Amino acid sequence: MHSDLPQSGPADGVLFDLDGLLLNTEVIYTRVSREIVSRYGKTFDWSVKANMIGRPAIDSSRHLVEALNIPMTPEEYLEEREELLRKYLAECKPLPGAEKLIRHLHRHKIPIAIATSSSQELYEIKVRHHRSWIDLFDAVVTSDDPAVNHGKPSPDIFLVAASSLEIQASRTLVFEDAPSGLEAGKAAHMQVIVVPDPNMDKSRYEGAVQILGSLLDFDPPRFGLPAFVD
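About the thresholds
Residues numbered from 1 in each chain as written. Predicted model: local features only at pLDDT ≥ 70, side-chain atom pairs only at ≥ 80, totals over all residues. Heavy atoms only, no water. Salt bridge = Lys/Arg side-chain N within 4 Å of Asp/Glu carboxyl O. Helix = DSSP H or I, 4+ residues; strand = E, 2+ residues; numbered from the N terminus. Buried < 20%, exposed > 50% of the residue type's maximum accessible area, 1.4 Å probe, protein only. Core = buried A, V, L, I, M, F, W, Y, C linked by side-chain atoms within 4.5 Å. Contact = heavy atoms within 4.5 Å. Axes fitted to C-alpha atoms, helices over the stretch in contact; angles between N-to-C directions. Parallel < 35°, antiparallel > 145°, perpendicular 65-115°, else oblique. Left-handed = near helix turned anticlockwise from the far one by under 90°. Nonpolar A, V, L, I, M, F, W, Y, C, P; charged D, E, K, R; others polar. Pairing = 2+ DSSP bridges.

Novice: Help me out: how do you make sense of the pattern of salt bridges in this one?
Specialist: Should the charged atoms of two oppositely charged side chains come close, the side chains can pair. This structure, assessed with the given rule, holds 14 salt bridges. The closest approach of N and O atoms between Glu80 and Arg39, which form a salt bridge, is 1.9 Å. One end of the pair, Glu80, is in helix H4 (residues 74–88); the other, Arg39, is in the loop between helix H1 (26–37) and helix H2 (46–49), with 41 residues separating them in the sequence. For Arg39, a relative accessible area of 48% puts it in the partly exposed group. In this structure, Arg131 and Glu124 form a salt bridge, with 2.2 Å as the shortest nitrogen-oxygen distance.

Okay, here's the thing in structure tokens:
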């Protein structure tokens, strides 16, 4: 599934979200949330999750606690969630096309960076078994980087990442899966391609230059980047 808008232009560098875009961590976040809320007889479903994806952890936790009326504070929920995430996150798998695209851009010396709402600690757990291609990134910016004052949908993390690659915001291409990430990229005046979860309402992605079904659908020459040859 694939829709195009006319305003795409050449990119000098590419920024990537991590969760739900490069690595399939969302199934693990869902599993952990269900494990916690089921103790209170509550159900964690897509109606709750859709408003949590891509947001800073404390914002997501606050939304869940309020939406499901869980008898714990967002901070308590977060503490419990982090403990379970540390246990499960190393199991996450790459999403279709992720490794191929990163290796391709690296081979052609296109500057690339990760800009993730994840903490440095959880980031390290997630990428533990994917170092062979994750280590090809020129920079990684996590939510606890001191230069990132506000999480997505604020543009901070993308501006910090673009700066670390020494590329202009207007010549930066962003890949995201979450509406909050799209808003952050637009606020940074960057072009944003989204690869949403199939369950997500596509109307929440207004302003994306493309909506793709997976990273396998990406056509690099459209953004002035080298074509795939295989």
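Moving on from the model shown.
Novice: Looking at this model, I keep getting lost on the nonpolar core. Mind explaining?
Specialist: Nonpolar side chains tend to gather and get buried jointly when the protein is soluble and globular. The biggest cluster of nonpolar side chains holds 52 residues, and the ones touching the most others in it are Val14, Phe16, Leu22, Leu64, Leu173, Phe175 and Phe218. Here this core takes five residues from H1, the largest share from any one element. The residues contacting Phe175, other than those within four sequence positions of it, are Val14, Leu15, Phe16, Asp17, Leu21, Leu101, Ile193, Leu212, Leu215 and Phe218. Counting 26 residues, the second largest nonpolar core, distinct from the first, contains Ala139, Val192, Val194 and Ile211.

Novice: In this structure, what is going on with the packing of H4 against helix H6 (residues 120–127)? I would like to understand it.
Specialist: Working note: a packed helix pair is described by the angle between its axes plus the distance between those axes. At a minimum axis distance of 9 Å, the contact between H4 and H6 shows a crossing angle of 25°. The angle between H4 and H6 falls in the class roughly parallel. Crossing hand, H4 versus H6: left-handed. Across the interface between the two elements, Glu82, Leu85 and Arg86 from H4 touch Glu121, Leu122 and Ile125 from H6. Looking at the contact of H4 with H6 residue by residue, the class counts come to three nonpolar, no polar and three charged.

Novice: Please explain helix H8 (residues 156–165) as it appears in this structure.
Specialist: By the burial criterion, the buried members of H8 are Asp156, Ile157, Phe158, Ala161, Ala162 and Leu165. Positive backbone phi, approximately 60°, marks Glu166, located one or two places after H8.

Novice: Looking at this structure, how should I read the pairing of strand E3 (residues 112–115)?
Specialist: Moving residue by residue along a regular strand, the side chains alternate between the two faces of the sheet. Neither face of E3 is open: one carries Ile112 and Ile114, the other Ala113 and Ala115, and all of them are buried. Two elements, strand E2 (residues 13–16) and E3, share three bridges in a ladder whose sense is parallel. Considered in E3, the bridge of Phe16 is made with Ile114. As paired elements, E3 and strand E4 (residues 139–141) share three bridges and run parallel to each other. If you follow Ala113 over to E4, its bridge partner there is Ala139.

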